[in-house]
Amino acid sequence: MALLLVSSGATLATAANAASTAASDVQTDKAPPPAVSEFAPKPATDTSAKPDDTPAAADAKPASDVKPSGNTKPASAAENQPAPPVEAKPVETPAEKTADKPADAAPAPSAANPAASGPDAAITEQLRELANGKFDRLFANKKDRPQIEAFYSNRNYAPLWIADGKANARATAAIAYLRHVDADGLDPADYPLPNFKASSAPPDLADAEIILTEAVITYAHHASVGRVHWSRVSADIEYAIPAAEPGDVLAALASASDIAATLDSYEPQTPGYRALKAKLADIRSGKIDKGKPPIAKGPVLKVGMQDERVPELRERLGVAGNGNTYDKPLVDAVKKFQEQHDLVGSGMLSVGTVEALNGRTQPDRVTDVIIANMERWRWMPHHFPDTYVIVNLPDFTLRVMHDGKQAWMTRIVIGKPEMPTPIMTADMKFITINPTWNVPPSIVHREYLPALAQDPTVLARMGLRVDYGRDGIHIWQPPGDKNALGRIRFNFPNKFLVYQHDTPDKYMFALDKRAFSHGCMRVQDPVHYAEVLLSLVRPADGYTEDRIKKMFGTGEVDIQFPAFIPVNLTYQTAFVDDAGKLQIRDDIYGRDRSLLAILKGSDRKMADTAVERKIDISHREVMAIPDEPSWFGGRGGYGARGYYQANGGSFFNGGGFFSRWFGGGYASARPVPPMPTRHRSTARQKKISHSGQPSNAD
């Protein structure tokens with residue numbers, strides 16, 4: 001996929017010298033929207049009013065005519081109606097409608113081509129002269145220049161921000177808005193503003209005009225696709241959201257009756273983003289605490305010891321009791337916490353346990369974490385359709401959303417830190433019942449064939465089959481109860497080769513932290529997941545759990561979706577829950593750390609430009625390997641036969657394919673937790689049946 005080329009938003013020193021604090025008499029700000037849950041109904045768009053003392057521009061149009069960007073228009077209901085299978089298309093998002101638009105296409109002309117007169121005539125001539133070869137000097141991104149020049153040409157080079165030789169109401173409102181973009185987690189310093197009051201000569205006013213034009217274009221770009229390009233954070237991220245086109249931005253502002261609302265429309269309008277924005281405002285205003293105070297460091301506590309931290313520890317873990325004695329109930333609670341957070345379950349209050357209790361995100365960094373998450377929301381679609389799936393990787397959850405409400409939620413197992421599940425959006429197109437697992441070609445030739453040469457029976461003992469054909473060797477695992485994909489696979493084709501699927505082993509879903517796979521996502525209740533999805537895209541076909549289970553057999557069956565469902569794999573380490581409470585999760589893949597380092601680093605000036613990353617096909621094929629515990633010590637079935645040892649050794653001298661990819665042979669590898677000898681009881685989960693009525697899951 002071609003990487004997006006974006007503006008750095010820089011201006012030359014000659015233009016920047018004219019920038020300073022502007023329009024000091026305007027200090028209005030937008031009130032933050034009320035806090036809402038990610039899964040609450042979509043709030044109304046924030047239409048912040050202009051300053052009361054700012055008259056509307058003479059050439060303003062009604063707000064309904066404002067068209068700020070192709071990626072800001074909500075999806076219509078018609079776009080989500082099912083279509084015949086042969087004509088299946090993805091649910092079209094507004095952003096995608098402009099994806100194929102040429103970058104240098106001329107913007108639509110404004111409603112009128114104003115002819116400058118009076119003091120503005122000289123400014124017009126200055127702008128015309130700047131357009132004749134000097135726009136390249138003033139605009140850092142030459143890709144933007146044709147659209148900007150076309151916009152001004154269509155206006156006969158009349159200024160957009162100046163009337164009667166001074167800043168007009170449109171300029172005053174834009175400057176007031178850009179001064180407060182920190183409300184969206186952005187830095188106002190990234191958008192230098194002119195001081196119109198300090199300019200009187202036509203050349204200076206023309207420079208001020210261009211400085212403000214550059215500022216709003218840069219802001220619209222950052223708001224629509226991100227201050228930091230996602231490619232700079234990780235190779236495991238992929239989005240195709242187009243940036244706001246400069247010509248469209250200027251045309252929208254020229255015809256807008258509400259400049260603040262128009263600029264705000266470039267930010268995400270998704271519930272999760274708006275809720276975080278409200279929490280950021282609350283934190284900065286002191287309305288809510290940044291977090292619980294950390295538990296102080298001290299000596300390692302063992303049962304029976306006295307320590308003044310004990311009461312605070314009881315409150316943190318919800319353990320009843322009095323006094324400062326580190327007693328047995330508290331030891332048990334600490335032990336449970338340790339097991340849930342991949343720590344040694346000793347029950348002792350160690351330094352590592354205290355750090356885990358305090359969280360990797362300290363209270364004074366909560367604001368930074370919120371800002372990092374708001375930035376990631378800008379990478380995603382800015383509007384959601386009526387039906388979509390959203391996965392929060394750090395929360396290990398999957399939700400199906402319909403008509404602005406949560407239709408269903410379940411637990412998932414995701415990729416381990418060294419093989420992270422990617423962040424992206426892709427369309428789910430069909431479900432496969434009784435899936436076959438086909439071993440990727442690179443894995444076949446690099447690892448499986450050498451294994452087969454050493455032991456001709458090894459693949460058969462793993463339940464794999466080998467076909468020798470004209471096209472080479474094909475290794476696969478047939479459908480069945482022991483198939484590593486389980487009985488159902490959920491397909492949303494993507495370049496990372498990941499998918500969601502069933503699993504023969506359910507015990508990992510009882511753990512609080514579930515990062516153990518090779519990149520794909522295992523779903524706790526896949527049969528019901530399939531029923532929920534099919535009830536939304538094929539409601540008249542009667543796909544109930546019972547009907548789906550009756551399809552289990554030895555042959556693959558694909559159930560096509562007449563209308564595709566977007567699957568959003570997100571990384572929300574900060575989010576607002578259904579109760580309106582701010583939740584913080586561990587940065588399991590280091591995405592916050594990397595993003596914040598860029599935002600605060602020396603390279604931030606170029607952070608909005610894409611970087612090219614080489615594609616490691618073999619790595620992505622490994623991500624597509626299912627997670628069958630019997631292959632790597634989970635059940636110990638093959639280990640008992642001497643094929644793969646549960647203690648990390650392997651048939652292939654402890655250093656081959658299985659030890660590298662399946663967690664054995666290396667002490668630093670994250671181990672797959674062993675299956676418990678007895679099944680742990682879990683809470684019964686509410687489900688939505690095909691009829692829409694809740695029922696209890698087994």
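### Notes on the environment of K335
Within the fold, K335 resides in helix α12 (residues 328–340). Between the C-alpha atoms of K335 and G345, which are 10 residues apart in sequence, the distance is 4.9 Å.

### What to know about the packing of helix α7 (residues 202–225) against helix α8 (residues 246–255)
Running from amino to carboxyl end, α7 crosses α8 at an angle of 115°, the nearest separation of the two axes being 10 Å. Between α7 and α8, the crossing angle belongs to the class labelled roughly perpendicular. Seen along the crossing, α7 lies across α8 with a hand that is right-handed. Touching T213, V216, I217 and A220 of α7 are P246, V249, L250 and L253, all from α8.

### Let's talk about the sheet that holds strand β9 (residues 465–469)
Whether parallel or antiparallel, the strands of a sheet pair through hydrogen bonds between backbone atoms. Strands sit in the order β8-β10-β9 across an open sheet of 3 strands; the sheet is antiparallel. Strands with a single pairing partner mark the edges of an open sheet, and in this sheet they are β8 (437–438) and β9. With 5 bridges connecting them, β9 and strand β10 (residues 472–477) associate as antiparallel partners. Directly across from Y468, in β10, lies its bridge partner I473. Strands in contact with helix α15 (residues 441–454) are β8, β9 and β10; relative to β10, the strand with the most contacts, it is inclined by about 85°.

### Details of the pairing of strand β15 (residues 557–570)
Burial analysis of β15 places 11 of its 14 residues in the buried class, the great majority of the element. When strand β4 (residues 387–392) meets β15, the two strands line up parallel, connected through 4 bridges. Its bridge partner lying in β15, V391 is registered against L569. Sheet topology note: the strand β7 (residues 423–433)/β15 ladder contains 9 bridges and is antiparallel. Across the sheet, the residue bridging to T432 is D558, located in β15.

### Here we look at helix α6 (residues 169–178)
Residue pairs three or four apart in sequence face the same way in an α-helix, which turns once every 3.6 residues. With 10 of its 10 residues buried, α6 lies for the most part within the structure. All buried positions along α6 are accounted for by A169, R170, A171, T172, A173, A174, I175, A176, Y177 and L178. Buried-residue contacts for α6 involve β2 (166–167), α7, α8 and α9 (259–264).

### Side note on the side chain of H382
Looking at the secondary structure, you find H382 in the loop between α14 (366–379) and β4. Polar side-chain contacts of H382 include one of 3.1 Å to the backbone oxygen of Y266.

### What about α14?
Taking 1.5 Å per residue, 14 residues should reach 20 Å; α14 reaches 21 Å between its end C-alpha atoms and fits that length. Summarising burial for α14: 14 of the 14 residues are buried, a large majority.

How each quantity is defined
Residues numbered from 1 in each chain as written. Predicted model: local features only at pLDDT ≥ 70, side-chain atom pairs only at ≥ 80, totals over all residues. Heavy atoms only, no water. Helix = DSSP H or I, 4+ residues; strand = E, 2+ residues; numbered from the N terminus. Axes fitted to C-alpha atoms, helices over the stretch in contact; angles between N-to-C directions. Parallel < 35°, antiparallel > 145°, perpendicular 65-115°, else oblique. Left-handed = near helix turned anticlockwise from the far one by under 90°. Contact = heavy atoms within 4.5 Å. Pairing = 2+ DSSP bridges. Buried < 20%, exposed > 50% of the residue type's maximum accessible area, 1.4 Å probe, protein only. Polar contact = N/O pair within 3.5 Å; in protein donor to acceptor, adjacent residues only side chain to side chain. Expected span 1.5 Å × (residues − 1).

The values are spatial; any link to function lies outside them.
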